[in-house]
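Residues per chain, in single letters:
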Amino acid sequence: MTSSVATTSFYIKLPLMNFYGWATLRIERGAKEKNHLLMPLWAAPAIIAREPTSLEEEIKEIRRSGSNKDLDAAPEFEMSDIFYFARRGVESIMDDEVTKRFSAEELESWNLLTRSNYNFHYISLRLTVLWGLGLLIRYGFLLPLRVTLAFTGVGLLVFLTSVVGLLPNGRMKNFLSEKVHLMCYRICVRALTAIITYHDSENKPKNGGICVANHTSPIDVIILASDGCYAMVGQIHGGLMGVIQRSMVKACPHVWFERSEVKDRHLVAKRLSDHVEDKSKLPILIFPEGTCINNTSVMMFKKGSFEIGATVYPVAIKYDPRFGDAFWNSSKFGMVNYLLRMMSSWAIVCSVWYLPPMSREEGEDAVQFANRVKAAIARQGGLVDLLWDGGLKRGKVKDTFKEEQQKLYSKMLVGTQEDRSRS
Amino acid sequence: LGGSCANLLLSHSQITRLYSRFTSLDKGENGTLSREDFQRIPELAINPLGDRIINAFFPEGEDQVNFRGFMRTLAHFRPIEDNEKSKNPTASEPLNSRTNKLLFAFRLYDLDRDDKISRDELLQVLRMMVGVNISDEQLGSIADRTIQEADTNGDNSISFNEFIKASFVLTLHTLL
């Protein structure tokens, strides 16, 4: 099994990477010849290089450099204070940390998929032929093969878990359930041609623990579950998804919620903590970001899973976007469309790191614990650690953040007056 | 675009970057940005002066801004590129660019565009920056004191020239 993976990755990586470099050069040359507006293919170096300083420091800096007056005698408000907010506002218009996390990452070189290239138009015959050849291979050969495998994998999962579910509860049932789950997930992995490198497997999650990972796509589940057995957590869906969920839970206890139960946080927390207390049950798999992020950053972790008090096993998943971008932009593509795109990419290449287990320390609350775990995952995966909520993909930012800024500035103004009355 | 670009002194790569940014903000894909498109930027939405800054992009009475307008407003804040610095390291920024930045800030105060910041306009901006944390009386006295200090011709409002003097223009360009 492993040797075939090694040879596949060798064949894919060597010729494909050479083609990518050549293809990119051709595009750039072609664009120069025809004087087209070339969109930047890579994340532009930051237009603004900003060091993190506080509101107070920056405003004091603006006042200090403009005034020869003694700072103690400086008035509470200067007209130039407005420059601080104006500059921050304009900087965020030019480039901000959040909105770019909700669309696919831009690549340095073109990987012969039109979907990841904004500059695609006719450049040269050779390039188009190569792209056409790639298209033929991907849609004519790889896609049908993968779709067949996918149907096989899912079908077997549903059938075999139902069969195992008929057995009486006991060691035999758990053993068979594990084998069935692993086998079917591995078939699905083949169906996506996912080339996964697992690191630090000695830290794999154990029973009674909670496994948290950063979320990029629904494929994350398949990747993790093909290497270990987890109890899934989620909402019961209708349709094919619902069928799969219902048969899976026959073989081993997963935690599925009805739509109405999802809103009730106490109920959710109770069911999760009941599950982890039972040491015979598998570790829970949770994605605390709550939504798919584009794999360049890790956004705010919802604190629910960190309040339960179980041991947390963090896992970092990092995809290599050069062979196929795994990010699911749910506002642009539906699930089926997404899966088809995945199966017609070259391959899904990713790395999984199992990080050492963490527990909540004395005097640490759930939010701080969640941030600590998030920082560890971001560091390992080489992702940017952000405090912003992934829910900003769809929703508006809360007014409380603006009120915090206003409070800080007010303290600057009024604080000076207090100091003066004291002296 | 070529002619106006020369006036704005933007390099080719800066323009392409701004265009890429413009298209990523343009969710409706119709070539213009609306106020909602700007408000989708979380860091801008939490800025106390966010709404005023967004207003600065839209010409009088309009609800959509195209790329040319977008670029023109942002060009005031362009960073000085390295190749320009090396050409003339002792030259300071062109005066009209500095003035444009100050005009941008002045217009954040001067909502009715009468080229004067009245006491009311000053109070409005102050109120936006401090929220609910300071009382009306205190804010009023801060506004009065500011106008007293800056107003040199005694008309109880701040003109653009008085604004420049009050904001200490000489060293400001290094910060913007």
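Residues numbered from 1 in each chain as written. Chains lettered and ligands numbered in written order. Predicted model: local features only at pLDDT ≥ 70, side-chain atom pairs only at ≥ 80, totals over all residues. Heavy atoms only, no water.

Concerning the overall build of chain A
Scanning chain A from N- to C-terminus turns up 12 helices and 9 strands. Per-residue burial over chain A gives 48% buried out of 423 residues. Taking the intrachain contacts of chain A between residues at least 6 apart in sequence as the baseline, contacts between residues at least 24 apart amount to 77%. With an accessible surface of roughly 21,300 Å², chain A has 59% of that area assigned to carbon and sulfur atoms. (Helix = DSSP H or I, 4+ residues; strand = E, 2+ residues; numbered from the N terminus. Buried < 20%, exposed > 50% of the residue type's maximum accessible area, 1.4 Å probe, protein only. Contact = heavy atoms within 4.5 Å. Areas by Shrake-Rupley, 256 points an atom, 1.4 Å probe, with all protein chains shown as cover.)

Considering the UniProt feature "transmembrane region" (unreviewed entry) in chain A
When the UniProt feature table is mapped to this numbering, "transmembrane region" (unreviewed entry) covers residues 123-141 and 147-167 of chain A. Here residues 147-167 of chain A is 90% helix and 0% strand, with 31 Å between the C-alpha atoms at its ends. (UniProt positions renumbered as here; feature names shortened; annotations may be inferred.)

Comments concerning the pairing of strand β8 (residues 348-354) of chain A
All names here are of chain A. β8 sits mainly inside the fold: 7 of its 7 residues count as buried. Because side chains alternate across β8, one face comprises the buried residues I348, C350, V352 and Y354, and the other comprises V349, S351 and W353, equally buried. Where strand β1 (residues 194-199) meets β8, 6 bridges bridge the pair, whose relative direction is parallel. When the sheet's bridge partners are listed, A194 is paired in β8 with I348. (Pairing = 2+ DSSP bridges.)

Looking at the sheet that holds β1 of chain A
All names here are of chain A. Read from one edge of the open sheet, 7 strands run β1-β8-β7-β2-β5-β3-β4, paired in mixed fashion. A single partner strand is all that each edge strand has here, and the edge strands are β1 and β4 (255-257). Put simply, the sheet's adjacent strands are angled 25° from each other on average, direction ignored. Packing of helix α11 (residues 366-381) onto the sheet brings it into contact with β2 (209-213), β7 (311-320) and β8, and relative to β7 it is tilted by some 35°. (Axes fitted to C-alpha atoms, helices over the stretch in contact; angles between N-to-C directions.)

So, the packing of aromatic side chains
A full pass over the atoms with the stated rule returns 18 aromatic pairs over all chains. On the basis of an interplanar angle of 15° and a centroid distance of 6.2 Å, the ring pair of Y198 of chain A and Y354 of chain A is categorised as stacked. One end of the pair, Y198 of chain A, is in strand β1; the other, Y354 of chain A, is in strand β8, and 156 residues separate them in sequence. Overall, Y198 of chain A belongs to the partly exposed group, its relative accessible area being 25%. Plain terms: the ring middles of F67 of chain B and F70 of chain B are 6.4 Å apart, the flat faces sit at 35° to each other, and that makes the pair tilted. Taken together, the residues span about one helical turn, with F67 of chain B and F70 of chain B both in helix α6 (residues 67-75) at a distance of 3 residues. (Phe/Tyr/Trp six-rings, centres within 6.5 Å; stacked < 30°, edge-to-face > 60°.)

Concerning the confidence of the model for chain B
All names here are of chain B. A residue-level look at chain B finds 78% of positions with pLDDT of 70 or above and a mean pLDDT of 78. Every residue in residues 1-6 scores below 50 in pLDDT, and together they form 6 contacts with partners more than four places removed in sequence or on other chains. Predicted confidence is poor over residues 169-176, with pLDDT under 50, and the contacts of this stretch with residues over four places away or in other chains come to 19 contacts. The ipTM for the predicted assembly is 0.81, set against a pTM of 0.73. (pLDDT = per-residue confidence, 0-100.)

Topic: the packing of helix α4 (residues 125-165) of chain A against helix α7 (residues 239-251) of chain A
Residue and element names in this part refer to chain A. The geometry of α4 relative to α7 is characterised by a closest axis approach of 7 Å and an angle of 35° between their N-to-C directions. When the axes of α4 and α7 are compared, the crossing they make is left-handed. Note on element contacts: α7 touches α4 through V243, I244, S247, M248, K250 and A251, opposite V154, L157, V158, T161, S162, V164 and G165. When grouped by side-chain class, the residues that make up the contact of α4 with α7 number 8 nonpolar, 4 polar and 1 charged. (Left-handed = near helix turned anticlockwise from the far one by under 90°. Nonpolar A, V, L, I, M, F, W, Y, C, P; charged D, E, K, R; others polar.)

Considerations on the pattern of salt bridges
Using the criterion set out here, one finds 17 salt bridges over all chains in the structure. The shortest N-O distance in the salt bridge between D389 of chain A and K302 of chain A comes to 3.6 Å. Placement of D389 of chain A in the loop between β9 (384-385) and α12 (399-422) and of K302 of chain A in the loop between β6 (297-298) and β7 is noted, with a sequence separation of 87 residues between them. Its relative accessible area of 39% is what places K302 of chain A among the partly exposed residues. Close ionic contact of R35 of chain B with D63 of chain B constitutes a salt bridge, the shortest N to O distance being 3.1 Å. With a gap of 28 residues between them, R35 of chain B in helix α3 (residues 35-39) and D63 of chain B in the loop between α5 (50-55) and α6 connect regions that are remote in the sequence. A relative accessible area of 25% places R35 of chain B in the partly exposed class. Bridged by salt links that share partners, the residues R265, K303 and E307 of chain A form one connected network. (Salt bridge = Lys/Arg side-chain N within 4 Å of Asp/Glu carboxyl O.)

A look at the environment of L145 of chain A
All names here are of chain A. Tracing the backbone through its elements, the reader meets L145 in helix α4. Owing to a relative accessible area of 45%, L145 belongs among the partly exposed residues under this scheme. Separated by 13 residues in sequence, L145 and G132 place their C-alpha atoms 19 Å apart.

Points about the UniProt feature "domain: EF-hand" (unreviewed entry) in chain B
Per the UniProt entry, the sites bearing "domain: EF-hand" (unreviewed entry) are residues 13-48, 97-132 and 138-173 of chain B in this numbering. Between the C-alpha atoms that bound residues 13-48 of chain B the distance is 31 Å, and the span itself is 61% helix and 0% strand.

Things to note about α11 of chain A
Residues and elements named next belong to chain A. For α11, built from 16 residues, the straight-helix expectation of 22 Å at 1.5 Å per residue is met to within 8% by its first-to-last C-alpha distance of 23 Å. Buried within α11 are the following residues: A366, F369, A370, V373, K374, A376, I377, A378 and G381. Among the structural elements, β2, β6, β7, β8 and β9 are those in contact with the buried residues of α11. Following α11 by one or two positions, G382 has its phi on the positive side, about 70°. (Expected span 1.5 Å × (residues − 1).)

Re helix α3 (residues 82-94) of chain A
For α3 of chain A, which comprises 13 residues, the first-to-last C-alpha distance of 19 Å matches the rise-based estimate of 18 Å (1.5 Å per residue) to within 8%. Those residues of α3 of chain A lying buried are I82, F83, Y84, F85, A86, R87, G89, V90, E91, S92, I93 and M94 of chain A.

Observations concerning a nonpolar patch on the surface
Nonpolar side chains collect at one region of the surface, where L133, I137, F141 and L145 of chain A lie side by side and expose about 390 Å² of accessible area between them. Here L133 of chain A lies in helix α4. (Patch = residues over 30% accessible without salt bridge, like charges linked within 9 Å, V, L, I, M, F, W, Y side chains within 5 Å.)

Quick word on the UniProt feature "domain: Phospholipid/glycerol acyltransferase" (unreviewed entry) in chain A
Listed under "domain: Phospholipid/glycerol acyltransferase" (unreviewed entry) in the UniProt record, and renumbered for this structure, are residues 209-320 of chain A. With 33% helix and 25% strand, the stretch residues 209-320 of chain A has end C-alpha atoms that lie 28 Å from each other.

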